[in-house]
Amino acid sequence: MCDDVRIEMGNKISLMGVFQNIMVEKLPVSLIKFAVLNHWRGEGCHETEVRIVSPDKSNLIVTSQPTEIELATGGYTDNVSFFVNVVFPSAGTYWVQTIADEVVLDEIPLMVTDAAGLNMMRPPDEITETVN
């Protein structure tokens, strides 16, 4: 997830403002624009989409337009889903789901919190200096 994606010379992909959590002063919050990048490997034709669902997974917050991808044997492609004016009404762990052919292949957590929630978070058990 990031604020923007750009295709540079030589077909290089630049990600601007990569993030994994949303921390704001006050909720609800509306994100003007953000993107989700998926890298696909494999083969065949597939219909893909990205969904963001509520913490209890019962409500759809937003979904991308379905995208057709075609992969040659051993091939790969990247797909960017842009979202605009998405409202996160309350704090919690939302879920970003990657879907192909109507099957959820992956989901990653997206923690949304405000200043009050930050004060209630407990510190990590272990702090590391390792950079991934």
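Residues numbered from 1 in each chain as written. Predicted model: local features only at pLDDT ≥ 70, side-chain atom pairs only at ≥ 80, totals over all residues. Heavy atoms only, no water.

**Regarding a negative patch on the surface**
Right, so step 1: Negative charge collects at one region of the surface, where Glu-47, Glu-68, Asp-101 and Glu-102 lie side by side.
Right, so step 2: Mapped onto the fold, Glu-102 is located in the loop between strand S7 (92-100) and strand S8 (103-113). (Patch = residues over 30% accessible without salt bridge, like charges linked within 9 Å, V, L, I, M, F, W, Y side chains within 5 Å. Areas by Shrake-Rupley, 256 points an atom, 1.4 Å probe, with all protein chains shown as cover. Salt bridge = Lys/Arg side-chain N within 4 Å of Asp/Glu carboxyl O. Lys, Arg positive; Asp, Glu negative; His and termini not counted. Charge placed at Lys NZ, Arg CZ, Asp CG, Glu CD. Helix = DSSP H or I, 4+ residues; strand = E, 2+ residues; numbered from the N terminus.)

**Section: the nonpolar core**
Nonpolar side chains in soluble globular proteins tend to be buried together.
Right, so step 1: Counting residues in hydrophobic clusters, the biggest one holds 18 residues, and the most contacted among them are Phe-34, Phe-88 and Leu-110.
Right, so step 2: Elements with a minimum of two residues in this core: strand S4 (29-53), strand S6 (67-88), S7 and S8.
Right, so step 3: It is S4 that contributes the most residues to this core, 6 residues altogether.
Right, so step 4: Other than its neighbours up to four places away in sequence, Phe-88 contacts Ile-22, Leu-27, Pro-28, Val-29, Leu-31, Ile-52, Tyr-94, Leu-110 and Val-112. (Core = buried A, V, L, I, M, F, W, Y, C linked by side-chain atoms within 4.5 Å. Buried < 20%, exposed > 50% of the residue type's maximum accessible area, 1.4 Å probe, protein only. Contact = heavy atoms within 4.5 Å.)

**Focus on the packing of aromatic side chains**
Right, so step 1: Summed over the entire model, instances satisfying the criterion amount to 3 aromatic pairs.
Right, so step 2: With a centroid separation of 6.2 Å and 65 degrees between ring planes, the pair formed by Phe-19 and Phe-34 is classed as edge-to-face. Of this pair, Phe-19 sits in the loop between strand S2 (13-16) and strand S3 (21-23) while Phe-34 sits in strand S4, and the two are 15 residues apart along the sequence. Like Phe-34, Phe-19 is buried. (Phe/Tyr/Trp six-rings, centres within 6.5 Å; stacked < 30°, edge-to-face > 60°.)

**Some points on the side chain of Ser-81**
Right, so step 1: Of note, Ser-81 is situated in strand S6.
Right, so step 2: Residue Ser-81 is classed as buried on the basis of its relative accessible area, which comes to 5%.
Right, so step 3: The residues touching Ser-81, leaving out its near neighbours within four places in the chain, are Phe-34, Ala-35, Val-36, Val-50 and Ser-64.

**Quick look at the side chain of Thr-98**
Right, so step 1: With respect to the helices and strands, Thr-98 occurs in strand S7.
Right, so step 2: Look at Thr-98 and you get buried, because its relative accessible area is 10%.
Right, so step 3: Of note is the side chain of Thr-98, whose polar atom sits 3.3 Å from the side chain of Asn-38.
Right, so step 4: Leave out the neighbours within four places in its chain, and Thr-98 touches Asn-38, Trp-40, Glu-49, Val-103, Val-104, Leu-105 and Asp-106. (Polar contact = N/O pair within 3.5 Å; in protein donor to acceptor, adjacent residues only side chain to side chain.)

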